[in-house]
Amino acid sequence: MANQATTLNFWSLKAVQLAKECRQIAQSDSPQIDENLRAEAKLLAAEFHDALLMPQDEFAEEARRAAQLASLRKRAIEILVKVYPDE
């Protein structure tokens, strides 16, 4: 998980970085992270993995991948804001 001593700009994180943060939240045993949030972070990490592996050969495929990543990005940032409310 991100070091709370540093200030993160969640919107500047790339999809790979957001996936990593979600994976770390899912594996965390921090008492501030409830089981539902942990489960959602685990699901998001898996969905990021799948989206990052989507083909980009054609315009339609690239557009589908971009839409999927944008949706995942928004939800991942919502989770990060819950986990790090002071960032």
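See the structure shown above.
Definitions and limits used
Residues numbered from 1 in each chain as written. Predicted model: local features only at pLDDT ≥ 70, side-chain atom pairs only at ≥ 80, totals over all residues. Heavy atoms only, no water. Core = buried A, V, L, I, M, F, W, Y, C linked by side-chain atoms within 4.5 Å. Buried < 20%, exposed > 50% of the residue type's maximum accessible area, 1.4 Å probe, protein only. Helix = DSSP H or I, 4+ residues; strand = E, 2+ residues; numbered from the N terminus. Phe/Tyr/Trp six-rings, centres within 6.5 Å; stacked < 30°, edge-to-face > 60°. Salt bridge = Lys/Arg side-chain N within 4 Å of Asp/Glu carboxyl O.

*Asks:* Can you explain the nonpolar core? Please cite residues and give values.
*Replies:* One finds Leu-18, Cys-22, Ile-25, Phe-48, Leu-80 and Val-83 to be the most contacted residues of the largest nonpolar core, which totals 23 residues. Going through the elements one at a time, helix H1 (15-27), helix H2 (35-52) and helix H3 (59-83) are the ones with two or more residues in this core. If you tally residues by element for this core, the top one is H3, at seven residues.

*Asks:* Tell me about the packing of aromatic side chains, and please be specific about residues and values.
*Replies:* Overall, the coordinates contain one aromatic pair when judged by the stated rule. An angle of 25° between the planes, with centres 6.4 Å apart, marks the rings of Phe-10 and Tyr-84 as stacked. One end of the pair, Phe-10, is in the segment before H1; the other, Tyr-84, is in the segment after H3, with 74 residues separating them in the sequence. Each member of the pair Phe-10 and Tyr-84 is classed as buried.

*Asks:* Would you mind going over the pattern of salt bridges in detail, with residue names and values included?
*Replies:* Enumeration over the complete set of coordinates arrives at four salt bridges. Of the charged contacts, one joins Arg-38 and Glu-35 as a salt bridge, the two residues approaching to 2.5 Å between their closest N and O atoms. Taken as a pair, Arg-38 and Glu-35 lie in helix H2 at a separation of three residues, close to a single helical turn. Classification of Arg-38 as buried rests on a relative accessible area of 10%. A relative accessible area of 56% places Glu-35 in the exposed class. Here the salt bridges share partners, and the residues they tie into one network are Glu-40, Lys-74, Arg-75 and Glu-78.

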